[in-house]
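What follows is the residue order along each chain.
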Amino acid sequence: MHRTTRFLSVCATLLLTITTRADAPATSPSDNYWPNPKLFEALAKQKKKVTWNYREENVPPYTLPDPLLCRDGTRITTREQWESKGRPETLELFRTYVYGRSPAPGQVSSEVTETDPKAMDGKATLKRIKITTTIDGKSFSFPTALLTPNGAAGKVPAFILINNRPLGSADPSRKQKDGFWPAEDIIGRGYATAVFMTNDVDPDSKDESLRPRGVRGVWPAGSGKPGEDSWATIAAWAWAASRVLDYLQTDPAIDGSHVAVIGHSRGGKTALWAGTQDQRFALVCSNCSGCGGAALSRRIFGETVAAINKSFPYWFCGNFHKFDDRENELPVDQHQLLALIAPRPLYVVSAEADFWADQRGEFLSLAHAAPVYALYGLPGFKPDEMPPLETPVSRGHVAYHMHRGIHNLTPYDWARYMDFADRVWGRPSRR
Ligand code: GTR
């Protein structure tokens, strides 16, 4: 019985491989990664009918916008041209059609509301900070927390976690511990880590009566037009990540030129949007960010533009809703978002069971950002180089892995993010 099951599963894998390779567009095949047939079969057998596409052979043919081709037909061939024309134009397209326009940073001030120099059994210092931004006489404040390793020889680099989960997932007091934010491991490796809660910045809810509690209650349209390109929730959270960075750059314990932004899922989408707009982020980590994050929209695999806009109508700007079921008409796709991070280090992570986030679409997006990294003489991935499960590969300033198991941010992921940071920031490894 056991042998038969194994035989069937091998056959299923082979069949899947053959059918997919025959039909798939040139950008899809990978020699190394194919979904675990058991997960795949489990999805097919679900009682509740699965209506979204999780089969590679059903990915429609698509053509991605060329990240180096400007709208007026100019072809970008140098980094100078990219920085003066290609990059600003691409960023504007994402502001206009996807995330909306955030307000300017305004005047930012901070107040340390609590300090515990003996946090984590004396290994770290915990600070709680209230960050306040003032624009045109109106203000908004939100809290953040920072843990720094005690006894460090000098300023230390830091990771800012965007926490889209309950407090217990990233509890600065460490009364509750969760692998989502393994702060003890992070401190043990010589990094500081800051965290803020997305709900403290803009409520993660469809209920618009809650909106006044957050930053979009103070500046509802950001710097865009309501219903079109005014900022939405992801942009608000990304804006907050930049305000935390504003604070970190003033903290004497922190090396403000080596600060990473990291987020999972909706937090991963946010980390990417923060990292593309704010070039002070020296490393961007996208964990299972999926649709509207790292995954290519045009693959129509897993969550689609229409699906995300229906479930979370407040995450993206009004214009993005015009592309429900019209992904091919979007002026951009998500590989161009990743390209905006070049030449800075970028790490994309997927999860084995996370078809909803389209693991292959996340990898392909990274691969198709390569032409922009190449302008800086940096290597990238080729579309057919998706690594097998639990095989982290970093190349120049880009890295990718897929963790075993479900949609989550885990200590395994954190360890790899820190390995990458050690390498790209030239730090001795403390693994
Ligand atoms: C899902 C959503 C995804 C992802 C996820 C999360 O329901 O469809 O885009 O962001 O939530 O944030 O956990």
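Cut-offs applied
Residues numbered from 1 in each chain as written. Predicted model: local features only at pLDDT ≥ 70, side-chain atom pairs only at ≥ 80, totals over all residues. Heavy atoms only, no water. pLDDT = per-residue confidence, 0-100. Helix = DSSP H or I, 4+ residues; strand = E, 2+ residues; numbered from the N terminus. Contact = heavy atoms within 4.5 Å. Phe/Tyr/Trp six-rings, centres within 6.5 Å; stacked < 30°, edge-to-face > 60°. Buried < 20%, exposed > 50% of the residue type's maximum accessible area, 1.4 Å probe, protein only. Lys NZ or Arg CZ within 6 Å of the ring centre and 35° of its normal. Salt bridge = Lys/Arg side-chain N within 4 Å of Asp/Glu carboxyl O. Near = heavy atom within 4 Å. Polar contact = N/O pair within 3.5 Å; in protein donor to acceptor, adjacent residues only side chain to side chain. Areas by Shrake-Rupley, 256 points an atom, 1.4 Å probe, with all protein chains shown as cover.

Asks: Honestly, the confidence of the model for the protein in this entry has me stumped. Any pointers?
Replies: Chain-level statistics for the protein give a pLDDT mean of 92 and a share of 93% at 70 or above. Element-level mean pLDDT values for the protein span from 37 in helix 1 (residues 2-23) up to 99 in helix 8 (residues 266-277). Taken as a whole, residues 1-29 scores under 50 in pLDDT and shows 29 contacts with residues more than four places along the chain or in a different chain.

Asks: It is not clear to me how the packing of aromatic side chains should be interpreted in this structure. Could you clarify?
Replies: Inspection of the entire model under this criterion finds 24 aromatic pairs. With 6.3 Å between their ring centres and 25° between their planes, F140 and F142 make a pair best called stacked. When sorted by exposure, F140 lands in the same class as F142, which is buried. One aromatic cluster is present, built from ring pairs that chain together F40, W52, Y54, F355 and W356. The ring centre of W239 lies 5.1 Å from the NZ or CZ of R243, which sits over that ring.

Asks: I tried to follow the pattern of salt bridges on my own but got confused; where do I start?
Replies: Side chains bearing opposite charge may pair, as long as their charged atoms lie close to each other. Scanning the model with the defined rule gives 28 salt bridges in all. Its salt-bridge partner being R101, residue E92 comes within 2.9 Å of it at the nearest N-O pair. Here E92 falls in the partly exposed class, since its relative accessible area comes to 32%. One connected set of salt bridges, linked through shared partners, spans R189, R416, D419, D422 and R427.

Asks: Which parts of the structure should I look at to understand the site of the ligand?
Replies: In the neighbourhood of the ligand, the contacting residues comprise S265, R266, K269, E303, I308, F312, W315, W356 and H407. A distance of 2.7 Å is found between an oxygen atom of the ligand and a side-chain nitrogen or oxygen belonging to S265. Contact distances for the ligand include 3.4 Å between an oxygen atom and a side-chain N or O atom of H407. Here the ligand, which alone exposes 320 Å², has 80% of that area covered by the protein.

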